[in-house]
Amino acid sequence: MNFEFLFANIGDLTVTGLSQGAIYALIALGYTLVYGLLKLINFAHSEVFMMGTFGALFAWQLVGLHENNPIPSVPMMIVYLLVGLVGAAVWSGVTALAVEFVAYRPLRRRNAPRLVFLITAIGASLAISEAVGIATGRQQFGMPDLFKTTTLVTIGDAHITNLDLGVIVAAIVMMVVLDQFINRTRLGRGIRAVAQDSDTAALMGINKNRVIVLTFVLGGVMAGAAALLYNLKIGVTRADIGFLLGIKAFTAAVLGGIGNLRGALLGGLALGLVENYGSALFGTSWRDVVAFAVLVIILMFRPTGLLGESLGKARA
Amino acid sequence: MLLELQDLVVSYGRIEALHGISLGIEQGEIVALIGANGAGKTTTMRAISGLRAAHRGKIFLEGRDITRMRADRRVVQGISQAPEGRGIFPGMTVMENLDLGCYTRRDAAMIAEDRERVFTLFPRLAERRKQLGGTMSGGEQQMLTIGRALMARPKILLLDEPSMGLAPMLIQQIFAIIKEINGQGTTVLLVEQNAQQALSLAHRAYVLETGSIVRSGTGEELLADPAVQEAYLGVA
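Residues numbered from 1 in each chain as written. Chains lettered and ligands numbered in written order. Predicted model: local features only at pLDDT ≥ 70, side-chain atom pairs only at ≥ 80, totals over all residues. Heavy atoms only, no water.

An unreviewed UniProt entry annotates chain B as ABC transporter ATP-binding protein of Actinocatenispora rupis. Quoted verbatim from the Sequence similarities (unreviewed entry) field of the UniProt record, the comment on chain B reads "Belongs to the ABC transporter superfamily." (UniProt positions renumbered as here; feature names shortened; annotations may be inferred.)

As recorded in an unreviewed UniProt entry, chain A goes by the name Branched-chain amino acid ABC transporter permease, listed as coming from Actinocatenispora rupis. UniProt lists a comment for chain A under the heading Subcellular location (unreviewed entry), and it reads "Cell membrane". Heading Sequence similarities (unreviewed entry) of the UniProt record for chain A holds this comment: "Belongs to the binding-protein-dependent transport system permease family. LivHM subfamily."

Visitor: With reference to specific residues and values, describe the sheet that holds strand β7 (residues 156–160) of chain B.
Guide: Residue and element names in this part refer to chain B. Taken in spatial order, the six strands make up an open sheet running β6-β7-β8-β3-β9-β10, and their pairing is mixed. At either end of the open sheet lies a strand with only one pairing partner, and these are β6 (79–82) and β10 (212–218). Each neighbouring strand pair of the sheet contributes to a mean axis angle of 20°, computed without reference to strand direction. The pairing of strand β9 (residues 204–209) with β10 spans six bridges and is classified as antiparallel. Within the sheet, the bridge partner assigned to V207 lies in β10 and is R215. Strands β3 (30–34), β7 and β8 (187–192) of the sheet are contacted by helix α7 (residues 168–183), whose axis makes an angle of about 155° with β8. (Pairing = 2+ DSSP bridges. Helix = DSSP H or I, 4+ residues; strand = E, 2+ residues; numbered from the N terminus. Axes fitted to C-alpha atoms, helices over the stretch in contact; angles between N-to-C directions. Contact = heavy atoms within 4.5 Å.)

Visitor: Residues and numbers for the interface of chain A and chain B, please.
Guide: Across the contact, 20 residues belong to chain A and 24 residues belong to chain B. Taken over both partners, the interface formed by chain A and chain B buries close to 2,100 Å², and the fraction arising from carbon and sulfur atoms is 60%. Ranking the residues of chain A by area buried against chain B places R186, L203 and M204 of chain A at the top, with a combined share of 35%. For the interface between chain A and chain B, the tally reads three salt bridges. (Buried area = accessible area lost by both parts, 1.4 Å probe. Salt bridge = Lys/Arg side-chain N within 4 Å of Asp/Glu carboxyl O.)

Visitor: Give a detailed account of the packing of helix α7 (residues 186–196) of chain A against helix α9 (residues 208–234) of chain A, specifying residues and quantitative values.
Guide: Residue and element names in this part refer to chain A. Axis separation between α7 and α9 bottoms out at 10 Å; the angle between their running directions is 110°. Relative to α9, α7 is oriented roughly perpendicular. Between α7, through L187, G190, I191 and V194, and α9, the contact on the second element is made entirely by K208, V211, L214, T215 and L218. Residues belonging to the contact of α7 with α9 are distributed by class as follows: six nonpolar, two polar and one charged. (Parallel < 35°, antiparallel > 145°, perpendicular 65-115°, else oblique. Nonpolar A, V, L, I, M, F, W, Y, C, P; charged D, E, K, R; others polar.)

Visitor: Go over the sheet that holds strand β5 (residues 64–65) of chain B with me, naming the residues and quoting the values.
Guide: Residues and elements named next belong to chain B. Spatially, the four strands line up as an open sheet ordered β2-β1-β4-β5, and their pairing is antiparallel. A single partner strand is all that each edge strand has here, and the edge strands are β2 (15–25) and β5. As paired strands, strand β4 (residues 56–61) and β5 are joined by two bridges and run antiparallel to one another. Directly across from F60, in β5, lies its bridge partner D65. Along the sheet, helix α1 (residues 41–49) makes contact with β1 (3–12), β2 and β4, crossing β1 at roughly 115°.

Visitor: Provide a residue-level description of helix α3 (residues 45–62) of chain A, including the pertinent values.
Guide: All names here are of chain A. Over its 18 residues, α3 runs 25 Å from end to end, which matches the ideal 26 Å to within 8%, given 1.5 Å per residue. Judged by how many residues are buried, α3 sits mostly within the fold: 15 of 18 residues are covered. Positive phi appears at G64, one or two residues downstream of α3, with a value of about 85°. (Expected span 1.5 Å × (residues − 1). Buried < 20%, exposed > 50% of the residue type's maximum accessible area, 1.4 Å probe, protein only.)

Written out as structure tokens, the structure is:
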């Protein structure tokens, strides 16, 4: 175990861990929202994220921004960021909706047992990822550079880059907006009502299917935002990136307490940190082993995750 | 006729819970549905509010067939239910619960008026606006569920066992408030095991036994009926 390396780089590891964790957290929201509402682990959500990375890429190509273009001016960069966000959110949202309409809704109408939903979710995930794999020839696609990554501040030995800071801030802003939406607005109240007691929610005049659609859209938009941040940070995408990211984000959701929005944030950030510290300590190839070992240990002591309660009972 | 059931059959799988019941409620009435545990009272309520599909038969609201209408649409049409076991959203405050009651409405001024009306009927709710529903006493939750149902400004209010689990004093109070609500013009269908209270309050009543209506009449008639007295009023 290389403690020397860990302590020598603890600052940088923390910054990287947080920015990676922020992306996990944004994806984790989709798992947690759908679970809170339908008690369903939507394994197809990993592909909702993957589609978002392509959505941003297509949107950029559409406005003439390609991989090897020179770095744009600051106003153009903001425009491109927004274009990428819209592209990613739309593709992710549409994918999430397609999964709901094609896969889950017909099952709900037939009152299918829970196991059938789970198998369908895995099937939908494989189908989407393979379809995109075939359509893209399983190639890797590079992203255009929107800005030059520079170190903004150095705290101790931690170099905080504009990229990492942007990723963390953007993710947190998105989550605060979502949290406020769920806890403060009429539609958010409807989502919470269906999550807590769907029969009584119907007696309030709430259309359950409409709430479910809204929830899939919200999860999709958050995954789209995560996809944009991933593109900026990693710089490439492929049809099969969803799997590992999806599993990690699902882990983050469980770690924080599935069904709990703030748990997703906490779980994501914690997972990002643990992974980075773990790979410094044991070597990079142990990264995923450490992440899942920590999950198992935490669940042994807190079976409902760090924050525990479900979306149903969560309160501002 | 404001609400009418015609030969309504409801089944759970192969077991028929209601064997073709017919009843009617006129505008402005309080109608009680009494019967023992398992007689089908709650099933009747759930069929009217749309949580249970009718197997056969028809449900009419103001002469319009609503048998196949979804539960959430029926709320917009004027049917509002305070469910059995109260159905309070435990993680939401009193205000949030009340706001869910008018989820389908957009008329802010009228909503504010109705909220004032609910707070006048149940001053306790006004004091507890910020309290979580799940932390309130049984009586307070009952007040909240009735108040929340009123927030939909219903044509007909369905009350499922409002006296359940409450102390006698509180039952008196709740029944007085039901009378007041009816006096303000809301039609009420009341399902009760507490037959004495229900029959004293109701204009008319039906007796439900194992999924069939076996008797009907005005509240006074049924209170005086020897068979009803023996079975439901504990008079030997």
